[in-house]
Amino acid sequence: MIYYILYSFHEHHSFFNVFRYITLRTIYAILTALILSLVMGPYVIEFLKRYQIGQYVREDGPKHHLSKSGTPTMGGLLIIIVVLFATLSWIDLSNIYVWLVLFALVGFGLIGFMDDYLKVVRKKSDGLAGRYKLTLQVVIASVIAYILYSLPAYSTKLTIPFLKNVNPDLGWLYIPFVILIIVGASNAVNLTDGLDGLAMGPVIVTTMVYTIITYAAGHTKIANYLLIPFVNGSGELAILCGAVFGASLGFLWFNTYPASVFMGDVGSLPLGALLASVAIISKHELLLVIVGGIFVLETVSVIFQVASFKINGRRVFLMAPLHHHYELKGWQEPKIIVRFWIISIMLGLLALSTLKLR
Ligand code: 57M
């Protein structure tokens, strides 16, 4: 909305033409989201405390987590509100891709909200039953997949990192593929969110990388130069990624060790679904496996742990997901978090290098 108001002045003064540019609007979306999160953060934390929306900590986890019991949770609500506000302020509202990604954010946010509400407010320790949670996730992801598949100009071809001329066309199989990526990413971010700021670091890196990729993919000249698929309109997603980047950075201010607030499922589930949707629309869906390598690593550790435990009754890790393994090995929490962030930055750079290295 701010964009429309400011740009409307360009007929009177040419200076206001500058608000047409995606780069400038991305910077303002970042700043809007960052400032808003920093300003609203203390009020939201106070609100969560007043209504006793505090974390219940399981007793079978690493012992030092028990001291985190009662930390305000569901801070993801702040992230969702801020992303919506900053995005709607600076984007072109006629862009279908932006609405699809916001639909993923709000849809998965609602699932996370139901889960948190049952756990924290209704004190149902299991929250929303796994099968209902998964069904709802699949339903929302299916809507996104089907709409994308139905768009006339939308391609169902994949881009393979590091390979220039290999673009398999999935045809209708693109629909289950999209569902898998969205549901998988959403749950992977959720699993990673188990130490202060641990998930936020890789979320920030991933949004930075996709801010660049969506901008490049939506720019005819840059896309042609880099030989990446041109996706008309995907440039506006750079503004949305900017809003998520700003909101996440702002949330990290409060979520960093020792955390004053956790994001809850209402934060982790929608963030994962949003990142996946952006990766899919920008035609760099498989690259998410590299950029979001930390999320993948955490998920794979759970798969191995559960499989090994079921097959031969033995554990591969002291505890899964992987961050718990290092906690039980005696590493201090900040050391695990910062080291995971460093790996995430390295993976982000590797992912960006694929724009040239193909
Ligand atoms: C949620 N949630 C955190 C917070 C956060 C299949 C299995 C591996 C699933 C997994 C699981 O349930 N994962 C998803 C992880 C929880 O955090 C809340 O949940 C939100 C995210 N969804 O925003 O609201 C706890 O994490 C800690 N935390 C922080 N700082 C943060 O900024 O310290 C979170 C955010 C919080 C807090 O302590 O209470 C969680 O871990 O519960 N299950 C597990 O992770 C469990 N692993 C397990 O059972 N492993 C088994 C194998 C066979 C699967 C094994 O290795 O033997 C562990 N989790 C816990 N205790 N808490 C083990 C026991």
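Points about the packing of aromatic side chains
In step 1: If you walk through the whole model with that rule in mind, you get 16 aromatic pairs.
In step 2: Seen from their ring centres, Phe-9 and Phe-16 are 5.3 Å apart, and the 65 degrees between their planes marks the pair as edge-to-face.
In step 3: Each member of the aromatic cluster is reached from another via a ring pair, and the members are Phe-9, Phe-15, Phe-16, Phe-19, Tyr-28 and Trp-90.
In step 4: The aromatic ring of Tyr-21 is capped on one face by Arg-20, whose charged end is 5.1 Å from the ring centroid.
In step 5: Over the ring of Tyr-3 we find Arg-25; its NZ or CZ atom is 4.0 Å from the centre of that ring.

Things to note about empty space enclosed by the protein
In step 1: Taken as a whole, this structure holds one cavity of 30 Å³ or more when the rule is applied.
In step 2: Estimates place the volume of the largest cavity at around 50 Å³.

What about helix H14 (residues 333-353)?
In step 1: Helix length check: H14, at 21 residues, gives a terminal C-alpha distance of 31 Å against a target of 30 Å (1.5 Å per residue), a fit within 8%.
In step 2: For H14, the set of buried residues is Glu-333, Ile-336, Ile-337, Phe-340, Ser-344, Gly-348 and Ala-351. One side of H14 holds all its buried residues, which, seen down the axis, span an arc of 110 degrees. Facing away from the buried side of H14 by more than 90 degrees, the exposed set consists of Met-346 and Leu-349.
In step 3: On its buried face, H14 sits against helix H7 (200-217), helix H11 (287-291), helix H12 (293-312) and helix H13 (322-328).

So, the site of the ligand
In step 1: Near the ligand lie 30 residues; those nearest to it are Gln-55, His-65, Asn-190, Asp-193 and Asp-265.
In step 2: One nitrogen or oxygen atom from the side chain of Thr-73 is found 3.1 Å from an oxygen atom belonging to the ligand.
In step 3: Side-chain polar atom of Arg-315 to an oxygen atom of the ligand: 2.7 Å apart, as the coordinates give it.
In step 4: Out of a free accessible area of 1,000 Å², the ligand has 83% covered by protein chains.
In step 5: Given that more than half its atoms are within 2 Å of the pocket grid, the ligand belongs to the largest pocket.
In step 6: Counting residues per element, the ones that place at least two in the shell around the ligand are helix H6 (174-192), helix H10 (265-281) and H12.
In step 7: Tallied by class, the residues present in the shell around the ligand amount to eleven nonpolar, twelve polar and seven charged.

Notes on the packing of helix H3 (residues 76-90) against helix H9 (residues 236-255)
In step 1: Relative orientation of the contacting elements H3 and H9 amounts to 145 degrees, with a least axis distance of 9 Å. The hand of the H3/H9 crossing is right-handed. Seen from H3, the contacting residues are Leu-78, Ile-79, Val-82, Val-83, Ala-86, Thr-87 and Trp-90; seen from H9, they are Ile-239, Leu-240, Ala-243, Val-244, Ala-247 and Phe-251.
In step 2: Residue composition of the contact of H3 with H9, grouped by class: twelve nonpolar, one polar and no charged.

Some words on the packing of H3 against H10
In step 1: Where H3 meets H10, the closest approach of the two axes is 6 Å, and the angle between their N-to-C directions is 45 degrees. One finds that H3 runs oblique with respect to H10. Side by side, H3 and H10 meet where Gly-76, Leu-77, Ile-79 and Ile-80 of the first sit next to Val-266, Gly-267, Pro-270 and Leu-271 of the second.
In step 2: Broken down by class, the residue content of the contact of H3 with H10 amounts to six nonpolar, two polar and no charged.

Some words on a nonpolar patch on the surface
In step 1: On the surface, a nonpolar cluster with roughly 610 Å² of combined accessible area is contributed by Ile-27, Tyr-28, Leu-31, Ile-35, Val-39 and Tyr-43.
In step 2: Structurally, Ile-27 can be placed in helix H2 (residues 22-50).
In step 3: Judged by its relative accessible area of 46%, Ile-27 is partly exposed.

Looking at the pattern of salt bridges
Between side chains of opposite charge, pairing is possible as soon as their charged atoms come close.
In step 1: Enumeration over the complete set of coordinates arrives at nine salt bridges.
In step 2: The residue Arg-58 makes a salt bridge to Asp-60 at a minimum N-O spacing of 2.7 Å.
In step 3: On the basis of relative accessible area, Asp-60 is assigned to the partly exposed category, the value being 47%.
In step 4: Lys-133 serves as the salt-bridge partner of Asp-265, at 3.2 Å between the closest nitrogen and oxygen. Of this pair, Asp-265 sits in helix H10 while Lys-133 is found in helix H5 (residues 130-150), placing the two residues 132 residues apart along the sequence.
In step 5: For Asp-265, a relative accessible area of 7% corresponds to the buried category.
In step 6: It is possible to trace a salt-bridge network through shared partners that takes in Asp-115, Lys-119, Lys-133 and Asp-265.

A few points about the nonpolar core
In step 1: Judged by nonpolar contacts, the single largest core of 97 residues is most densely connected at Leu-148, Ile-182 and Tyr-210.
In step 2: At twelve residues, the largest contribution of residues to this core is made by H9.
In step 3: Here Leu-148 is in contact with Tyr-97, Leu-100, Tyr-154, Ile-280 and Ile-281, once residues within four sequence places are set aside.
In step 4: By size, the runner-up hydrophobic cluster in this structure holds eight residues, among which are Leu-198, Leu-322, Ile-337 and Phe-340.

Rules behind the numbers
- Residues numbered from 1 in each chain as written.
- Predicted model: local features only at pLDDT ≥ 70, side-chain atom pairs only at ≥ 80, totals over all residues.
- Heavy atoms only, no water.
- Phe/Tyr/Trp six-rings, centres within 6.5 Å; stacked < 30°, edge-to-face > 60°.
- Lys NZ or Arg CZ within 6 Å of the ring centre and 35° of its normal.
- 1 Å grid on protein atoms, 1.4 Å probe; cavity = no way out; pocket = protein on both sides within 12 Å on 5 of 7 lines; lining within 4 Å.
- Points joined across faces, edges and corners; volume = space filled by probe spheres on them.
- Helix = DSSP H or I, 4+ residues; strand = E, 2+ residues; numbered from the N terminus.
- Expected span 1.5 Å × (residues − 1).
- Buried < 20%, exposed > 50% of the residue type's maximum accessible area, 1.4 Å probe, protein only.
- Arc of directions from axis to C-beta.
- Contact = heavy atoms within 4.5 Å.
- Near = heavy atom within 4 Å.
- Polar contact = N/O pair within 3.5 Å; in protein donor to acceptor, adjacent residues only side chain to side chain.
- Areas by Shrake-Rupley, 256 points an atom, 1.4 Å probe, with all protein chains shown as cover.
- Sits in = over half its atoms within 2 Å of the grid points.
- Nonpolar A, V, L, I, M, F, W, Y, C, P; charged D, E, K, R; others polar.
- Axes fitted to C-alpha atoms, helices over the stretch in contact; angles between N-to-C directions.
- Left-handed = near helix turned anticlockwise from the far one by under 90°.
- Parallel < 35°, antiparallel > 145°, perpendicular 65-115°, else oblique.
- Patch = residues over 30% accessible without salt bridge, like charges linked within 9 Å, V, L, I, M, F, W, Y side chains within 5 Å.
- Salt bridge = Lys/Arg side-chain N within 4 Å of Asp/Glu carboxyl O.
- Core = buried A, V, L, I, M, F, W, Y, C linked by side-chain atoms within 4.5 Å.

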